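Working through the structure, step by step
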Amino acid sequence: MKVLKFGGSSVASSKNIQKVLAIVSKSSEEQDIVVVVSAFGKTTNALIKGATLAAQKNEDYLEVLKELENNHFNIIKELLPVKEQSSVNGYVKQLFNHLETIYEGCFLLRELSPKTLAKVSSFGELLSSYIISQAANESFKAVYKDTRELIVASDNYNNALVDFSTTFKNCQEYFSSRSQKVTIVPGFVARTINGKTTTLGRGGSDFTAAIISAALDCSELQIWTDVSGMFTANPSIVKQASVIDHISYHEAMELSHFGAKVIYPPTIQPVLQKEIPIVIKNTFKPADQGTLITKETSKNKPVKGISYIENITLVTLEGNGMVGIPGFSKRLFEALYLHHINIILITQASSELSICIAISDDDAVTASKIIDEVFEYEIQLQKVKPVKVEQDLCIIALVGDNMRNHHGLSGKMFSALGKNNINIRAIAQGASEKNISAVIDKKEAKKALNTLHERFFEERIKELNLFVTGVGNVGERFLAQIEQQQNYVQKNLKLKIRVIGISNSKMMFFDENGIDLTNWKELLQQGEKAGIDTFYSKVTSHNLRNSVFIDITANQQVSEMYEHYLRKNIAVVTCNKIACASSSQNYNILKNVSRKSNVPFLYETNVGAGLPIIDTLKNLIASGDRVHKIQAVLSGSLNFVFNKFNSSTTFCSIVAQAQKEGFTEPDPKIDLSGIDVARKILILARESGYEIELEDIVNNSFLSKESLATKTNADFYASLDKNEPHFQQLLLEANNQNCRLKYVAEFENGKASVGLQHISSSHSFYNLEGSDNIVLFFTDRYPEQPLIIKGAGAGADVTASGIFADVIRTGNV
């Protein structure tokens, strides 16, 4: 024999009930079954609401009653043929007349006693079970049995204690004599020894099913609900959560205690004692495997699930007067017990200086008052501090029977949370090591659950959530590369890259599920007005794990936000040189915050676009080498310009061509003034370990003062055109010496300079073509023959690829 229990969502409508009957019919072909049903969806709450209104002399209870009646009669109409409706309607009407009489009594007496509330609450299951049993007989033979004739319990009317001896005897006598293959019974309800209606409290229908299963030594208890089993985490919060195929009783109870709503732990005690398997199934997807719950389970995974409890308050009692004095814990727990305050979690420092407990937010005010009263004397003597109350918290928990046999799980848990800037307020772990619990800010719950799920359940695939500001030429190519390589990166590098937010100077758009990169331009136009602070607020409010802020602008205000992002444990990837070329103080702050927070701050594309210049330099320094001298051509735009410039062209037209092909900044004066090159050699000098400021770099600009003073691109190009003879003269002088013009950056003996130089044919820079960059590092290990890095140093695609490479590096931290 099996017992099948169907919850409120499974019988919320006639359509759902038809699904239930189909499941019951199929199951009954194999063996006899008992079907336990809950009230139709939301009925119990409506019944209690009606009684409460009546007791308050509020005639709106009549509307509640009318709505309940209409719902039940509509279901009868939809389920049963017309000829069968009359008798069923008559019985149901009798029950509603009885309910109305009880409501009228509450209204007249202005009273709602526990006994009356239990009576009112019972109507939902009594109605649903009778209606479903009558509908079942249209397809197969079924009998209705009122569980008040089977289950005997105490007169604690809304949370009755079951008399198992009498109940088991009643069940065994009844079911041994009946002939029908299907028996349908109401859940939740029972009777007292005096024959009065009582109820089994929260999870009562599950409890009914478990009691009957244990009484009859059934082969299996099936709990049918609206989910396909117990999940590794709440699937509405963790999208990657999966169904747990097999789990133990203890694991199921731990997960349920910590928020999993599929079963209510106390209700499964009867089947646990008799080791009857429980299967959690989905009424709406009956073919799904579901979750099997047994005494023992597989040992292959130490962590079976992650769960959490919301709306938690942390209460801390502390003081030097507690040390070595027995009885403090007893007084604390006894005071809370006497006021019916449930303690969810307990932790105490080994120094005995403090005791910390977690309770529901609803009990916070009462608990604080009670504890201060109990320890009033010690507080006056300053032996104990007034109780400390912290609200708006939640508890997250790792659960698994086999956790005790695996070392380092706590370390992995706390490390994963720490890397995502999730602060732990309290920790608890039982000696059985089946549960590790941590109290955190409830605003961090979503990020924490996803972080831990990724760490313990997913195929070691790390999810990176990108927020990109600057989607112009380079930004567009970067998004195109992400779209093209997403599947490759996930398959081969185990990184799942999602773009969550994008922004240009006017608009920004966010999608927490990941922006569709095939039409991001259209989505951006549909977004909201952009702002640097607004974008930051949006990024932080999303509070996603492994967040990465990507700056593809040349904006100083954007660069000034880096510290804020890093302090929020959000990685920063930038091709914007302004921050790293700002004051040494700011540069060191960014590096230190990154280091202390263990969050990446990467800027490979600050020098050489996609060339591995900074990364190579970092590796040299990390391995103990010392840089003495750097010579470099660091401007792909200037190299392009002087390679293309000749006597038959104009300097102005070549600069315009460079800008059009994406080799210059949006403001080409930044490149041609030498400030961009100065910033790059400054960054290399700093990465080499030298303290140096931008003002210390000698900039031998080849531009006229007039060009340098321009404010707009149009004025700048006009000044270039006006000064064409000057540029032709520079070219002529180089040609006369059989040299080429190259804009060179140099660093030696702590001093740096940038400027236009004549490069002879014997020099490494002479044959540098197109927009290529070249860097020569002279170090302890490379004193005569320098370490040379050479390649394309400008262009949207190579810069975008460098940013992409930095994003991948953040995933490997």
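The following refers to the structure shown. The written sequence of each chain sets the order in which its residues are numbered from 1. A pLDDT threshold of at least 70 governs which residues receive local features in this predicted model, and a stricter bar of 80 or more applies before side-chain atom pairs are shown or counted, although totals over entire chains, interfaces and linings include all residues. Excluding hydrogens and water, the side-chain figures rest on all heavy atoms present in the structure.

Describing the overall build of the protein chain
For the purposes of this entry, the term helix denotes a DSSP run of H or I that reaches at least four residues, the term strand denotes a run of E that reaches at least two, and both are numbered from the N terminus. When helices and strands are tallied, the protein chain shows 29 helices and 29 strands. Radius of gyration here uses only the C-alpha atoms, and the compact-globule reference equals 2.2 Å multiplied by the residue count raised to the power 0.38. In summary, the protein chain has a C-alpha radius of gyration of 37 Å against a globular reference of 28 Å for 813 residues, an excess of more than 25%. Oriented by its inertia axes, the alpha-carbon framework of the protein chain measures out at about 115 × 75 × 55 Å. For the exposure calls, accessible area comes from a 1.4 Å probe over protein chains only, and a residue counts as buried if that area is under 20% of its type's maximum, exposed if over 50%, partly exposed in between. By the burial criterion, 53% of the 813 residues in the protein chain qualify as buried. When contacts within the protein chain are restricted to residue pairs at least 6 apart in sequence, long-range pairs at least 24 apart make up 72% of them. Summing over all exposed atoms, the protein chain offers an accessible surface of approximately 36,000 Å²; the carbon and sulfur share of this is 47%. If you average the places of the 85 positive and of the 88 negative side-chain charges in the protein chain, the two averages end up 3 Å apart. Residue contacts are counted whenever heavy atoms from the two residues lie within 4.5 Å of one another. Here, Shrake-Rupley sampling with a 1.4 Å probe gives the accessible areas, and only protein chains in the shown set may cover a residue. None of His or the chain ends enter the tally, which takes Lys and Arg as positive and Asp and Glu as negative. Where a charge sits is defined by one atom per residue type, namely NZ (Lys), CZ (Arg), CG (Asp) or CD (Glu).

Quick look at the sheet that holds strand β22 (residues 571–574)
A pair of strands counts as paired when DSSP detects no fewer than two bridges linking them. Spatially, 7 strands are ordered β20-β19-β18-β17-β21-β22-β23 in an open sheet, and the strand pairing comes out mixed. Every other strand in the sheet has two partners, leaving β20 (528–529) and β23 (601–602) as the edge strands with one partner each.

Points about the pattern of salt bridges
Should a side-chain nitrogen of Lys or Arg be within 4 Å of a carboxyl oxygen of Asp or Glu, the pair is scored as a salt bridge. Under the criterion given, the structure shown has 34 salt bridges. Across the pair E444 and K447 runs a salt bridge, and its minimum N-O distance is 3.8 Å. Residue classification places E444 among the buried residues on the basis of a relative accessible area of 17%. The salt bridge partner of K722 is E706, with a shortest N-O separation of 3.5 Å. Placement of the pair is K722 in helix α27 (residues 713–722) and E706 in helix α26 (residues 705–708), with a sequence separation of 16 residues. What emerges from the salt-bridge pattern is a single network uniting E454, E463, K496, R498 and R545.

Notes on the nonpolar core
L466 and F478 are the most contacted members of the largest nonpolar core, which has 109 residues in total. Examining the composition of this core, we find that 7 residues originate from one element, helix α25 (residues 675–687), more than from any other. In this structure, L466 is in contact with F478, I482, I497, R498, V499, I500, G501, V548, I550 and V807, ignoring residues within four places of it in sequence. Joining through side-chain atoms within 4.5 Å is the link that ties buried Ala, Val, Leu, Ile, Met, Phe, Trp, Tyr and Cys residues into a set, and such a set is a nonpolar core. In this structure, I33, L68, Y130 and A142 belong to the second largest nonpolar core, which totals 47 residues.

Examining the pairing of strand β18 (residues 495–503)
The element β18 is largely enclosed, with a buried count of 8 among its 9 residues. For strand β17 (residues 462–469) and β18, the ladder comprises 8 bridges, and the chain directions are parallel. Bridging from a neighbouring strand, L464 pairs with I497 of β18. For a crossover, the right-handed case is the one in which the path from the first strand over the helix to the second runs clockwise, viewed with the strands pointing away from the viewer. With helix α15 (residues 473–493) bridging β17 and its parallel neighbour β18, the resulting β-α-β unit is right-handed. Where β18 lies against strand β19 (residues 507–510), 3 bridges are found, and the strand directions are antiparallel.

Some thoughts on the environment of A796
With respect to the helices and strands, A796 occurs in helix α29 (residues 796–811). Here A796 falls in the buried class, since its relative accessible area comes to 12%. Between the C-alpha atom of A796 and that of G662, which follows or precedes it by 134 residues, the distance is 6.0 Å. Once residues lying within four places of it in the same chain are set aside, the contact partners of A796 are N473, V474, R477 and G662.

Section: the environment of R178
With respect to the helices and strands, R178 occurs in the loop between α6 (164–177) and β4 (182–186). With 35 residues separating them in the primary sequence, R178 and V143 have C-alpha atoms 9.3 Å apart. Ignoring sequence-local partners within four residues, the contact set of R178 consists of M1, D32, I33 and T183. Between N or O atoms, a polar contact is any pair within 3.5 Å; within protein, one atom must be a potential hydrogen donor and the other a potential acceptor, and residues adjacent in sequence are included only when both atoms are from side chains. A polar side-chain atom of R178 sits 2.9 Å from a polar atom in the side chain of T183.

Quick notes on the sheet that holds strand β11 (residues 305–318)
Strand pairing in a sheet relies on backbone hydrogen bonds. The paired strands run either parallel or antiparallel. Spatially, β12-β13-β11-β14-β16-β15 is the arrangement adopted by the 6 strands of the open sheet, whose pairing is antiparallel. Every other strand in the sheet has two partners, leaving β12 (345–348) and β15 (424–429) as the edge strands with one partner each. Each neighbouring strand pair of the sheet contributes to a mean axis angle of 30°, computed without reference to strand direction. Pairing between β15 and strand β16 (residues 435–441): 5 bridges, direction antiparallel. Bridge pairing in β16 links Q429 to I436. Here an axis means a line fitted to C-alpha atoms, over the contact stretch when the element is a helix, while the angle between two N-to-C directions is reported on a 0 to 180 degree scale.

Digging into the layout of surface pockets
Approximately 1,000 Å³ is the volume found for the second largest pocket. Lining the second largest pocket we find 50 residues, and of these I552, T553, A554, E665 and P666 sit closest to its centre. Those elements that provide at least two residues to the lining of the second largest pocket are α15, α17 (532–542), α22 (636–644), α24 (669–672), α25 and α29. When grouped by side-chain class, the residues that make up the lining of the second largest pocket number 19 nonpolar, 24 polar and 7 charged. Cavity and pocket criteria rest on a 1 Å grid covering protein atoms alone: a 1.4 Å probe that fits but cannot get out defines a cavity, protein on both sides within 12 Å along at least 5 of 7 lines defines an open pocket, and an atom within 4 Å of a point defines a lining residue. Grid points are joined across faces, edges and corners, and a volume is the space filled by probe spheres set on the points. Note that Gly is not counted as nonpolar here; it falls among the polar residues with everything else outside the nonpolar set of Ala, Val, Leu, Ile, Met, Phe, Trp, Tyr, Cys and Pro and the charged set of Asp, Glu, Lys and Arg.

Some points on helix α7 (residues 204–215)
In an α-helix there are 3.6 residues to a turn, and that puts residues three or four apart on one side. For α7, with 12 residues, the first-to-last C-alpha span of 16 Å sits near the 16 Å given by 1.5 Å per residue. With 12 of 12 residues buried, α7 is to be regarded as a mostly interior element. Within α7 the residues assigned to the buried category are G204, S205, D206, F207, T208, A209, A210, I211, I212, S213, A214 and A215. Downstream of α7 by one or two residues, D217 has phi in the positive range, about 50°. By this rule the span expected of a helix is its residue count minus one, scaled by 1.5 Å.

Describing the environment of R202
If you trace the backbone, R202 turns up in the loop between β6 (197–199) and α7. Overall, R202 belongs to the exposed group, its relative accessible area being 60%. Considered as a pair, R202 and F188 are 14 residues apart in the sequence and their alpha carbons are 8.5 Å apart. For R202, the residues in contact, after removing those within four places along its chain, are Y264 and T267.

Digging into the packing of aromatic side chains
How two aromatic rings sit relative to each other is given by the distance of their centres and the angle of their planes. When two rings of Phe, Tyr or Trp (its six-membered ring) have centres within 6.5 Å they constitute a pair, described as stacked for plane angles under 30 degrees, edge-to-face for angles over 60, and tilted for the intermediate range. Under the counting rule described, the total for this entry stands at 29 aromatic pairs. Taking 5.8 Å as the distance between ring centres and 20° as the angle between the ring planes, the aromatic pair formed by F6 and W224 counts as stacked. With a gap of 218 residues between them, F6 in strand β1 (residues 2–6) and W224 in strand β7 (residues 220–225) connect regions that are remote in the sequence. The pair formed by F6 and W224 is uniform in burial state, with each residue classed as buried. When the ring of Y562 is compared with that of F601, the centres are 6.0 Å apart and the planes differ by 55°; the resulting orientation is tilted. Here Y562, found in helix α19 (residues 562–567), pairs with F601, found in strand β23; they are 39 residues apart in sequence, far enough to count as distant. For the pair formed by Y562 and F601, the shared burial category is buried. Here the aromatic cluster, defined as three or more aromatic residues joined through ring pairs, consists of F467, F510, F535, Y536, F549, Y562, Y565, F601 and Y603. We note R455 situated over the ring of F456; from NZ or CZ to the ring centre the distance is 5.8 Å. Working rule: Lys NZ or Arg CZ, within 6 Å of ring centre, within 35 degrees of ring normal, means a charge sits over the ring.

Details of a negative patch on the surface
Only residues whose relative accessible area exceeds 30% and that form no salt bridge are eligible for patches; like-charged ones are grouped when within 9 Å, while nonpolar side chains (Val, Leu, Ile, Met, Phe, Trp, Tyr) are grouped when within 5 Å. Taken together, the side chains of E59, D60, E63 and E67 present a region of like negative charge at the surface. As for its position among the elements, E67 is in helix α3 (residues 61–79).

A few points about unusual backbone geometry
Its identity as a non-glycine residue notwithstanding, K42 has a phi of 70°, on the positive side. Along the polypeptide, K42 turns up in the loop between β2 (33–37) and α2 (43–55). You can call K42 exposed: its relative accessible area is 73%. Located in the positive-phi region is K494, a residue other than glycine, with phi close to 60°. Take K494: it is sitting in the loop between α15 and β18. Take K494: its relative accessible area is 30%, and that puts it in the partly exposed class.

By themselves, these observations are geometric and do not establish any function.
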